[in-house]
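# Examination of the molecular architecture
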Amino acid sequence: MEIDEPTNGTSSSRLAPIEEVKPTPKQIKRIAAHSHVKGLGIDPETNEALPEGAGFVGQIAARTAASIIVDMIRMKSMAGRAVLLAGPPATGKTAIALAMSHELGDGVPFVPLVASEVFSSEVKKTEVLMRSFRRAIGLRVKETKDVYEGEVTELTPVETSENSGLGKTISHLLIGLKTAKGSKQLKLDPSIYDSILKQRVEVGDVIYIEANSGIVKRVGRCDVYASEFDLEADEFVPMPKGDVRKSKDIVQNVSLHDLDLANSRPQGRQGDVTNIVSQLMAPKKTEVTDRLRSEINKVVNEYIESGVAELMPGVLFIDEVHMLDVECFTYLYRALESPMAPVVVFATNRGTTTVRGLDDKAPHGIPPEMLDRLMIIPTMKYNEEDVRKILAHRTEAENVQFDEKAFDLLSRVGSEKSLRYALQLIAPARLCAQTCGREIIDLVDVERCTKLFMDRSESLQKAEEAQKRLAEKNSK
Ligand SMILES: Nc1ncnc2c1ncn2[C@@H]1O[C@H](COP(=O)(O)OP(=O)(O)OP(=O)(O)O)[C@@H](O)[C@H]1O
């Protein structure tokens, strides 16, 4: 950056002095419960989970098993099967499911659902499950399209010559596109101009326009402009090679649920996948019926058979599975057998409990016929060392600093009481320290928080004592 020297001349010839740029205050980042977990942390050579990797600590057998499931999903040999992550609270079941989604990458859908979300007064529970199932099944549509592609060199809206009384309107748009091989000027319909405006296309951007539908897609900013600013939020792409008009392979990822919604619109041309994709963001107007879904399945099957589309079964993660009732399980049992089924990952922290809707008790509150079909991955309680390491990962993610003695106490609380309780004390302990003008959390802050907040077992003990006292009083 050039710096203007202040001159001694008259005030009119003086340039405004350059002010020191103050660093912007630290941005408050939203830290989620699992933001420290970036993957399953698998050793690529042995295919075993590392003792510590990708933010994960311990739980080696469960993580290794989850990575085998991920490989099976990638090889498409998992569809229609279901996995159960079972173990005590805060043993990383949700974290493992989330890490599986990280490992699967963007193309494979991952749909999280808490079992109690199924119960709504407006939508049938089987309908909620069906929607989630279809959200978790992706379709990769590969098409070769005739397109005009290049860097935008000119963008001129041409107005109509006569004034209609309502002001001038755009008669057409002139757009110049340049590639490494040549350039072309196109005259476009005003409706295409709307979509160009919506995507904020500017001169210097690389775009393509589908020749037969006029659909415009901004690919990114041409990398010629990459050094324009010190910091850039845009994605830079190379200038396209070849002619402006060419055939291009276009890949789009959609879920079956997206297709259902797009086709529930009355004006949607049924069965045309490209048309469907372009309407994805449109609001829903009519109901998605079973008939519509089977129509979509038929068209999708045709596309798969002709090689235009590829089915990408993703993951449907249902947490707190013991909350589902017997009707939901019967539905799931059947849905899993359908040829278009995602991988279903259940999680629960319950042992033997009553199956909702039945009087019988069953392991994890899951009916035996369903339990029989599940691949069960157990998660184990952590030892003191693991708890300490998990807390260290969390403090780093939350950007808080503990004094050594304070951290020792927090780790002890984590292993003696519960990991989740210790994790929950981090934020209030930080606040206590800040109120006393300290950046580093001291032993007194942790001690204070353990007195102010109870853990689950202490609260249970207090409730039992109160009940006992009440019973004694009533018996007198
Ligand atoms: N092995 C681990 N490594 C790193 N972080 C972990 C690990 N296990 C758990 N955590 C963290 O501990 C917290 C609780 O874990 P999580 O929510 O995954 O437990 P859960 O088994 O799903 O519990 P619940 O049964 O109560 O739903 C989360 O912040 C999670 O990221």
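Here the residue numbering is sequential within each chain, running from 1 through the sequence in written order. Thresholds applied to this predicted model are a pLDDT of at least 70 for local features of residues and 80 or more for the giving and counting of side-chain atom pairs; totals over whole chains, interfaces and linings are not thresholded and use all residues. Only hydrogens and water are set aside; all other atoms, that is, all heavy atoms of the structure, feed into the side-chain values.

- You'll find the chain entered in an unreviewed UniProt entry as RuvB-like helicase, with Caenorhabditis nigoni given as the organism.
- UniProt positions are given in the numbering used here, feature names are shortened, and annotations may be inferred rather than shown by experiment. Per UniProt, the chain carries the Catalytic activity (unreviewed entry) text "ATP + H2O = ADP + phosphate + H(+)".
- Its UniProt record, at the heading Sequence similarities (unreviewed entry), says of the chain: "Belongs to the RuvB family."

## Overview of the site of the ligand
- Proximity is defined per residue: if any heavy atom of the residue lies within 4 Å of a molecule or strand, that residue is considered near it. Taken together, the neighbourhood of the ligand is formed by 19 residues, with Ala 33, Val 57, Thr 94, Tyr 382 and Arg 420 sitting nearest.
- The term polar contact refers here to a pair of N or O atoms within 3.5 Å; inside protein, the definition further demands a hydrogen-donor-capable atom paired with an acceptor-capable atom, and it admits residues adjacent in sequence only when both atoms are side-chain atoms. A distance of 2.9 Å separates an oxygen atom of the ligand from a polar atom in the backbone of Ala 90.
- Those elements giving two or more residues to the shell around the ligand turn out to be strand 2 (56-57), helix 2 (93-104) and helix 12 (419-435).
- Put simply, DSSP marks the helices as runs of H or I at least four residues long and the strands as runs of E at least two long, and each gets a number from the N terminus on. Here the element with the most residues in the shell around the ligand is helix 2; it accounts for three residues.
- Just so you know the grouping, Ala, Val, Leu, Ile, Met, Phe, Trp, Tyr, Cys and Pro go in nonpolar, Asp, Glu, Lys and Arg go in charged, and all remaining residues, Gly too, go in polar. Of the residues that constitute the shell around the ligand, the class distribution is nine nonpolar, seven polar and three charged.
- Domain borders in the structure are assigned automatically or taken from a domain database. When residues of the shell around the ligand are assigned to domains, at least three map to each of domain 1 (52-136 + 314-378) and domain 3 (384-458).

## Some points on the pairing of strand 12 (residues 309-313)
- Residue exposure (1.4 Å probe, protein chains only): buried if accessible area is under 20% of the type maximum, exposed if over 50%, otherwise partly exposed. Most of strand 12 is tucked away, with four of its five residues classed as buried.
- As paired strands, strand 5 (residues 137-159) and strand 12 are joined by five bridges and run antiparallel to one another. Paired with Ile 137 across the two strands is Pro 313, which belongs to strand 12. Should DSSP find at least two bridges between two strands, the strands are taken to pair.

## Description of the sheet that holds strand 14 (residues 343-348)
- Reading across the sheet, the five strands line up as 4-13-14-3-17 and stay open at both edges, with parallel pairing between neighbours. Pairing within the sheet leaves two strands with one partner each, and these edge strands are strand 4 (110-114) and strand 17 (374-378). The sheet shows a mean angle of 20 degrees between the axes of neighbouring strands, direction not considered.
- By the bridge criterion, five bridges tie strand 4 to strand 13 (residues 315-319) in an arrangement that is parallel. Across the sheet, Phe 110 pairs through a bridge with Val 315, a residue of strand 13.
- Lying on the sheet, helix 1 (residues 60-74) is in contact with strand 3 (82-86), strand 13, strand 14 and strand 17; it crosses strand 17 at an angle near 145 degrees. Axis geometry follows a simple rule: fit a line to the C-alpha atoms, using only the stretch in contact for helices, then measure angles between N-to-C directions, giving values from 0 to 180 degrees. Contacts: residue pairs with any heavy atoms within 4.5 Å of one another.

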